[in-house]
Protein chains: 2
Amino acid sequence: MMLVLLAAFALTGFSAPQFNPPPVLKWQEVAPGVWRTRVGKREKLTLLSAAEAEPNRGALALMPKVDAPPVDLGQSSGEMVETYAMARMPLQPKEKLFGMGLQMHGSDRREGIYHLQMDHYSKGVDRLHAPTPLYISSRGYAVFFNTARPCSIYAGVGNRLGDPNNPPARDRTTDPKWEAQPYSPSVEASVQAPGLEVYLFAGPTPIDAIRRYTLYCGGGALPPRWALGFWHRVPLAATAEDVLKEVAEFDKRGFPLDVLGLEPGWQSQAYPGSFVWSEKRFPNPAGFVAELAGRGVHVNLWENPYIAKTSPMFKPLESSFGSHTVWLGAAADLNVPKAAKIVREHHKQVGVDLGVSGYKIDEVDGVDFWLWPDHARFPSGLPGIEMRQVYGVLWQRELQRLFHDSGKRTFGLVRGSNGGATRFPFAIYSDTYNHQEYLTGITSAGLAGVMWCAEVRSAKNGEEWVRRMQTAVLSHIAQLNAWADGTKPWSFAGFEEPVRKAMEFRISLMPYLYTAFAEYHYEGTPVIRAMSLVDGGEETDQYLLGDDLLVAPMFAGVASRKVRLPKGNWCDYDTGEMVGNGQTIEIKPALDKIPVYVREGALIPTIAPQPRAGRNTKNTALIVRHYGNGPAEGRMYDDDGETFNQEKGSYAWYSLFSRDGTSGLLTTANKWTVGYDKIIWRHVGPSR
Amino acid sequence: MMLVLLAAFALTGFSAPQFNPPPVLKWQEVAPGVWRTRVGKREKLTLLSAAEAEPNRGALALMPKVDAPPVDLGQSSGEMVETYAMARMPLQPKEKLFGMGLQMHGSDRREGIYHLQMDHYSKGVDRLHAPTPLYISSRGYAVFFNTARPCSIYAGVGNRLGDPNNPPARDRTTDPKWEAQPYSPSVEASVQAPGLEVYLFAGPTPIDAIRRYTLYCGGGALPPRWALGFWHRVPLAATAEDVLKEVAEFDKRGFPLDVLGLEPGWQSQAYPGSFVWSEKRFPNPAGFVAELAGRGVHVNLWENPYIAKTSPMFKPLESSFGSHTVWLGAAADLNVPKAAKIVREHHKQVGVDLGVSGYKIDEVDGVDFWLWPDHARFPSGLPGIEMRQVYGVLWQRELQRLFHDSGKRTFGLVRGSNGGATRFPFAIYSDTYNHQEYLTGITSAGLAGVMWCAEVRSAKNGEEWVRRMQTAVLSHIAQLNAWADGTKPWSFAGFEEPVRKAMEFRISLMPYLYTAFAEYHYEGTPVIRAMSLVDGGEETDQYLLGDDLLVAPMFAGVASRKVRLPKGNWCDYDTGEMVGNGQTIEIKPALDKIPVYVREGALIPTIAPQPRAGRNTKNTALIVRHYGNGPAEGRMYDDDGETFNQEKGSYAWYSLFSRDGTSGLLTTANKWTVGYDKIIWRHVGPSR
């Protein structure tokens, strides 16, 4: 025995140079299946503290029990290297990695380097609208670097000197096996900062790991019901009169509309902003908002959070401004409680008290030319670079606080978010405008703990307009953003019907979508699930929407596309016909057809299309669609759809069951009672 | 009087919010016309300390006297902001800025942001082969940030809150004068580091400012004379026999050749490297190098400085290795004196003692995938990011030290360099291979304190091959790099003659080029002068080579190009005909014609083309070309061309004078006496 050991020692000594990894990290289990460690000092601000993330411990306790960390933590290591804090995690040879923020291309993140920084995405993998330093492993765990600094992650790239897991070094001149990028057995991450906190979230599956992450951040956002309808934004300089006419036009033409977004022109000055209504374009703001409310339409206001001297907020906020301006407007430091309160109170007075339903927070991401420099100084002590990573998070936090204090739920848009911010009801949007990238954004969002609004703006032709709209209506927010050119859903002559059909499909899915958001809120499951979370697939042009719908949007200019069906039988949404199980099919959808497939045995709660999706569910019939020829099950969430009374228990999870789709059962153990007017059970599929 | 003051005060108080710039910086004049300041702490390593730059105070004392700083230093400011050190310099409204490292596009750097980091250039303005944090102002001064960290420079971008020089804030919705990027009155720069040192170099002109910078770094490199000839690199796996055959082929075909470069295959293992000769391909290295020396050809050896376990240097260097490998090879920390000595001694034994003339230091720049991570640990205490900024500088420094100790001058290639390294005789090269970018690189190099080898490798057709060669022969090193495909100067059938003519032109310019390098070495003037240094022009497709030649290379695929002639009369190099003065001309050069123009009244020292440019000037006639119809003047430098005896005074500056080009005077006050065999005075131009 001794001889054997000696031989092994001698062999190691002979074959490898000295291997001196950093010290092994010490981890602490901070919630069920959640471990934390820290290198260096605790930072003043982190992503979790910026978002004021409080774990939903009740929900975490209901997750699958985990007996041991999902990674050999004895193989983790970390240390301070001069001004850098670094951590190292082991990787198995065949392990795949996903995530690394709101990426716009592909999904396989192994053998990549990510210098994750907040920016207006234009290309590459580093500068993103949501640079969430989080990766998910195909082995069923996730790692989150809780830092508000730009974090560099070397994912299966790089080899430490003497690491026994390194491949052999070869000769390029003579050895055909020589590799430009040798296999690497680790992920290393670093920040230039006094410290770095790392979280490990157990699965057992990848989607469980994301659930734990989301629940640890406090759960996902629960939007008001109306926010799941259709959104439309009017041009820059639209007046109250223009807006009312436009809303009337939607109604006259029979296109659904729930939210009307005003762009910079609602303010008396913008870029930088006065944050007060333009007397010229909106002489009676309260009357205007009330008029729209009367018509069932909610108003969303654009703002970029840079304050002009003409704003009544300017003087009161002066002591909390950063050193540099953005479009010559001042940037308030919302880490200063007094400043946050001034901002909330002003928004209450000018917006929320009038009935404004939410905000679009623009330009919090970049580009460098527009924002402050990395070294800008903010009163709370943050340098510009760190403030930039979380500026959009801080504005989401304070606006959400305002709406919560007002007892009304909100849903809005933001151009930059980050890790930790899962509970804020804001979806990211972008100026980048490539349909494929948008679709990748939809699938990436759930891997970065954010939501993505694949808004439509324009198109080269009617076909593209329809195909883009079909993608938009199956994203977190279904929006037409006509701020620049005034496009309307019916702008492409001859293509009105497929566009209307797509918008109506969105509306009809409202109970199903609302349930998917509730699953995000209460259970941490992303509304939109990348194939990597479903079954480890790498596709970014198809995804699951909620539990049971497989969505595979079509692009303009092509006649067909491929769809990979996960295991299980899948049915066409419209016809109920079985299309396959586990194989890749090629489809040729007609222009008005959105390729959506339903898991056999699923019950999909829907409503009939209507002009306002967000109106109370009373007086509305629930239509439960039944797929397959056997018994089917489903679930549905409901509450009042607009207050925070669900926090006090006023909500219900319903169990749905139907043997054959001709009738069924809807049961609940919760106390929420107001619900749909009646239930229609509808078998979808060839008659039996 | 008092009333007026009060009124002004009141107006200021009313019109602008509080302006709190950082504290004014305190500057110290550290050499004539050179000022220095520091924010925060002194860093362990800076660009100047990495290069061991020692000011040439004698040469600085000879520069134009400067009575006051060229910038209002009362407007400079700086401070520590959390982990950032930042400095701010004022900008005048019409001031132009140039420089910001070895940029590959354009020249006007105002209204740009530069996150200057060492990398293999691929696109953008941030990651460069020479990220020298230096800018030159059209107002005749230069600013250098002496930091070995990535430096971010915001050049006329960004506005501080309340700065009275800010433009007014406008309303985007209604004001057509609204600007997406408002005018900015300053340059701000920052590093994430404990401190930042800033230098200000006075002019009075922009080129004087660059001279002061270069002389403060110790002056420019002085190459051996042979290095100004033609360089050729053989394929990866070439053997000694292959090389000797290739040299013979050059001679047989009558193409000049001074330097023969061996690629990775000279080593027994490479990527990572053994740093010893391959016994198989080079069984008798000493004999091989001697054989080539006998034929007048100098050997240059490729290496990338990552050490394989099979190298005899591995064990001795082991304690000085960084934490991470590059292609599984170890990276020695040359800040450890013992390690630097081991490296020098090994190179002496395996290379210099055999007669090897210099090195090509590959892969010291990036990309991220190939180098160590930012947080890598090096024994001298540097983090990876800082080591990466200077790794190429450290290897240049130690190889230059070795050659200096050996009494032989060297000239070589390096893939990454940085500020402070002007004295090292290495030119940068790249894998990026766009002819326009290469030409921009030639003009940018002098603004970054480096040299650029616009090597040729391949071409789509014969025309492009010729045009590329014509650019290569008028860059710092004229090289054909055939490592990958074995291309030779004569590889494009039917295009041999224009290629030979270009190569011979290079050779004929040797005395003129050597003088231009001497001006770089002794006086700090870049060999190749961007138009921005000549007269503030923004062209990057033409430049001055030395004092008197205007070069405007031609690109393939176009029939004509424009050339902007600076003020003064300019003559065609070949015909002597006057082509213009101060205007832009359109030219249609024949394929074998390199558009080169000579300042009227200039004398250009040349030689007849010959197979080896670098042989001793004895037995060679000096041919002085005279341009214009009046008296002409010039200067010429000479020394033994290969030792460091010029440091002990063995060199001469000659004054040239000729009334009409039929005869002339060559005079010197220096003691160097060995010179050209005879002088031929030659008037170039229409006969009078």
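Residues numbered from 1 in each chain as written. Chains lettered and ligands numbered in written order. Predicted model: local features only at pLDDT ≥ 70, side-chain atom pairs only at ≥ 80, totals over all residues. Heavy atoms only, no water.

**Considering the overall build of chain A**
Item 1. Within chain A one finds 14 helices and 36 strands.
Item 2. Its C-alpha atoms give chain A a radius of gyration of 26 Å, within 12% of the compact-globule value 26 Å for 688 residues.
Item 3. The C-alpha extent of chain A, read off along each of the three principal axes, is 90 × 70 × 55 Å.
Item 4. In chain A, buried positions account for 64% of the 688 residues.
Item 5. Within chain A, contacts between residues separated by at least 24 positions form 72% of all contacts whose residues are at least 6 apart in sequence. (Helix = DSSP H or I, 4+ residues; strand = E, 2+ residues; numbered from the N terminus. Rg over C-alpha atoms; globule rule 2.2 N^0.38 Å. Buried < 20%, exposed > 50% of the residue type's maximum accessible area, 1.4 Å probe, protein only. Contact = heavy atoms within 4.5 Å.)

**Notes on the nonpolar core**
Item 1. The biggest cluster of nonpolar side chains holds 212 residues, and the ones touching the most others in it are L262 and L545 of chain B.
Item 2. When residues of this core are sorted by domain, at least three fall in each of domain 1 (28-168 + 178-216) and domain 2 (263-359 + 367-408) of chain B.
Item 3. Here L262 of chain B is in contact with R233, V234, V243, W277, F282, F288, V299, N300, L301 and W302 of chain B, once residues within four sequence places are set aside.
Item 4. By size, the runner-up hydrophobic cluster in this structure holds 211 residues, among which are M100, V243, A472 and M636 of chain A. (Core = buried A, V, L, I, M, F, W, Y, C linked by side-chain atoms within 4.5 Å. Domains from an automatic or database assignment.)

**Topic: the layout of surface pockets**
Item 1. The calculated volume of the largest pocket comes to roughly 1,700 Å³.
Item 2. Considering the residues around the largest pocket, the lining is formed by 49 residues, among which H115, D126 and R127 of chain A together with D126 and R127 of chain B are closest to the centre.
Item 3. Looking at the lining of the largest pocket, the elements with two or more residues in it are β6 (112-118), β10 (151-155) and β11 (186-192) of chain A together with β6 (112-118) and β11 (186-192) of chain B.
Item 4. Of the residues belonging to the lining of the largest pocket, the class tally is 18 nonpolar, 17 polar and 14 charged.
Item 5. Each pocket or cavity is described by its volume, and for the second largest pocket that value is around 590 Å³.
Item 6. Forming the walls of the second largest pocket are 23 residues, and the residues nearest its centre are G218, R423, H521, Q646 and E647 of chain B.
Item 7. Going through the elements one at a time, α9 (384-406), α13 (510-523) and β34 (651-658) of chain B are the ones with two or more residues in the lining of the second largest pocket.
Item 8. A class-by-class count of the residues in the lining of the second largest pocket yields eight nonpolar, eight polar and seven charged. (1 Å grid on protein atoms, 1.4 Å probe; cavity = no way out; pocket = protein on both sides within 12 Å on 5 of 7 lines; lining within 4 Å. Points joined across faces, edges and corners; volume = space filled by probe spheres on them. Nonpolar A, V, L, I, M, F, W, Y, C, P; charged D, E, K, R; others polar.)

**Things to note about the domain arrangement of chain A**
Residue and element names in this part refer to chain A.
Item 1. Considered domain by domain, chain A is made up of domain 1 (28-168 + 178-216) and domain 2 (263-359 + 367-408).
Item 2. Distance between the C-alpha centres of domain 1 and domain 2: 33 Å.
Item 3. Listed as interface residues are 18 residues of domain 1 and, on the opposing side, 17 residues of domain 2.
Item 4. A buried area of about 1,400 Å², summed over both sides, lies between domain 1 and domain 2, and 50% of it is on carbon and sulfur atoms.
Item 5. One salt bridge in this structure joins D368 and R127, with 2.7 Å as the shortest N-O distance.
Item 6. Viewed at the interface, domain 2 and domain 1 are joined by six residue pairs in polar contact (both at pLDDT 80 or more).
Item 7. Where the side of domain 1 that touches domain 2 is concerned, the elements lending two or more residues are α2 (47-50) and β6.
Item 8. Split into classes, the residues belonging to the side of domain 1 that touches domain 2 amount to nine nonpolar, three polar and six charged. (Buried area = accessible area lost by both parts, 1.4 Å probe. Salt bridge = Lys/Arg side-chain N within 4 Å of Asp/Glu carboxyl O. Polar contact = N/O pair within 3.5 Å; in protein donor to acceptor, adjacent residues only side chain to side chain.)

**Some details on the relation of the copies chain A and chain B**
Item 1. Here chain A sits on chain B after a turn of 180° about the axis and a move of 0.0 Å along it, with an RMSD of 0.0 Å. With respect to symmetry, the two chain copies, as superposed, fit the operation of a two-fold axis. Judged by C-alpha distance, Q192 of chain A is the residue of chain A that lies nearest the rotation axis, at 3.9 Å.
Item 2. Residue by residue, 100% of the interface of chain A is reproduced at the interface of chain B, so both copies engage with the same surface. (Least-squares fit on C-alpha atoms with pLDDT ≥ 70 in both.)

**Section: the sheet that holds β6 of chain B**
Pairing between the strands of a sheet comes from backbone hydrogen bonds, and it takes one of two forms, parallel or antiparallel.
Residues and elements named next belong to chain B.
Item 1. On the basis of which strands lie adjacent, the open sheet formed by six strands has the order β3-β4-β11-β10-β6-β7 and mixed pairing. Here the strands that pair on one side only, and so sit at the sheet edges, are β3 (77-81) and β7 (127-128).
Item 2. Here two bridges tie β6 to β7, and the two strands are oriented parallel to one another. Bridge pairing in β7 links M118 to L128.
Item 3. Across the sheet, α9 touches β6 and β7, and the angle it forms with β6 is around 90°. (Pairing = 2+ DSSP bridges. Axes fitted to C-alpha atoms, helices over the stretch in contact; angles between N-to-C directions.)

**Topic: the packing of aromatic side chains**
All names here are of chain A.
Item 1. Under the counting rule described, the total for this entry stands at 76 aromatic pairs over all chains.
Item 2. A ring pair is formed by Y199 and Y216, whose centres lie 5.1 Å apart and whose planes are at 50°; its orientation type is tilted. Of this pair, Y199 sits in strand β12 (residues 195-202) while Y216 sits in helix α4 (residues 206-216), placing them 17 residues apart in sequence. Like Y216, Y199 is buried.
Item 3. On the basis of an interplanar angle of 75° and a centroid distance of 5.1 Å, the ring pair of W372 and F378 is categorised as edge-to-face. (Phe/Tyr/Trp six-rings, centres within 6.5 Å; stacked < 30°, edge-to-face > 60°.)

**Some remarks on helix α13 (residues 510-523) of chain A**
Residue and element names in this part refer to chain A.
Item 1. The terminal C-alpha atoms of α13, which comprises 14 residues, lie 19 Å apart, in line with the 20 Å expected from a rise of 1.5 Å per residue.
Item 2. When you tally the buried positions in α13, you get 12 out of 14 residues, the bulk of the element.
Item 3. Taken as a whole, α13 has its buried residues at M510, P511, Y512, L513, Y514, T515, A516, F517, A518, E519, Y520 and Y522. (Expected span 1.5 Å × (residues − 1).)

**Comments concerning the environment of A248 of chain B**
Item 1. Mapped onto the elements, A248 of chain B comes out in helix α5 (residues 240-253).
Item 2. Here A248 of chain B falls in the partly exposed class, since its relative accessible area comes to 36%.

**Overview of the packing of α5 of chain B against helix α6 (residues 285-294) of chain B**
All names here are of chain B.
Item 1. One way to put it is that α5 packs onto α6 with a least axis distance of 11 Å and a crossing angle of 5°. Here α6 runs roughly parallel to α5, going by the angle between their axes. Counting all contacts with α5, which are made through A240, V243, L244 and V247, the residues of α6 involved are F288, E291 and L292.
Item 2. The class makeup of the residues in the contact of α5 with α6 is six nonpolar, no polar and one charged. (Parallel < 35°, antiparallel > 145°, perpendicular 65-115°, else oblique.)

**Digging into the interface of chain A and chain B**
Interfaces are often sized by the amount of accessible area the parts lose when they come together.
Item 1. Every contact between the two is made by 76 residues of chain A and, on the other side, 76 residues of chain B.
Item 2. Of the roughly 6,100 Å² buried between chain A and chain B, counting both surfaces, carbon and sulfur atoms make up 58%.
Item 3. In this assembly, chain A and chain B are joined by four salt bridges.
Item 4. The salt bridge involving R149 of chain A is made with E82 of chain B; its shortest N-O contact spans 2.5 Å.
Item 5. On the surface where chain A and chain B come into contact, there are 35 residue pairs in polar contact (both at pLDDT 80 or more).

**Brief notes about the pairing of strand β12 (residues 195-202) of chain B**
All names here are of chain B.
Item 1. Within β12, eight of the eight residues are buried, which leaves the element mostly enclosed by the surrounding structure.
Item 2. Of the pairings in the sheet, the one linking strand β2 (residues 34-40) to β12 comprises seven bridges and is antiparallel in character. For V34, the partnering residue across the bridge sits in β12 and is F201.
Item 3. Looking at chain direction, strand β9 (residues 141-145) and β12 are connected through five bridges and run antiparallel. Across the sheet, residue A142 finds its bridge partner in β12, namely F201.

**Describing the confidence of the model for chain A**
Item 1. Mean pLDDT over chain A works out to 95, with 97% of the residues at or above the 70 mark.
Item 2. Ignoring residues within four places in sequence, the model shows residues 1-16 of chain A, a span with pLDDT below 50, making three contacts including any to other chains. (pLDDT = per-residue confidence, 0-100.)

**Considerations on the pairing of strand β34 (residues 651-658) of chain A**
Residues and elements named next belong to chain A.
Item 1. Counting buried positions over the eight residues of β34 gives six, a clear majority of the element.
Item 2. The pairing of strand β33 (residues 632-639) with β34 spans eight bridges and is antiparallel. Following the sheet pairing, D638 is matched in β34 by A652.
Item 3. Pairing of β34 with strand β35 (residues 665-668) involves four bridges; the strand directions are antiparallel. Looking at β35, one finds that L656 is bridged to L666.
Item 4. A loop of six residues connects β34 with β35, the two strands running antiparallel in sequence, and G661 in this loop sits at a positive phi of about 85°.

**A few points about the sheet that holds β9 of chain B**
Residue and element names in this part refer to chain B.
Item 1. Strand order in the open sheet formed by six strands is β1-β2-β12-β9-β8-β5, with antiparallel pairing between adjacent strands. A single partner strand is all that each edge strand has here, and the edge strands are β1 (28-31) and β5 (97-99). The mean angle between the axes of side-by-side strands here comes to 30°, regardless of whether they run parallel or antiparallel.
Item 2. Here three bridges tie β1 to β2, and the two strands are oriented antiparallel to one another. Residue pairing for β2: E29 is matched across the bridge by W35.
Item 3. Packing of helix α4 (residues 206-216) onto the sheet brings it into contact with β1, β2, β8 (134-137), β9 and β12, and relative to β12 it is tilted by some 130°.

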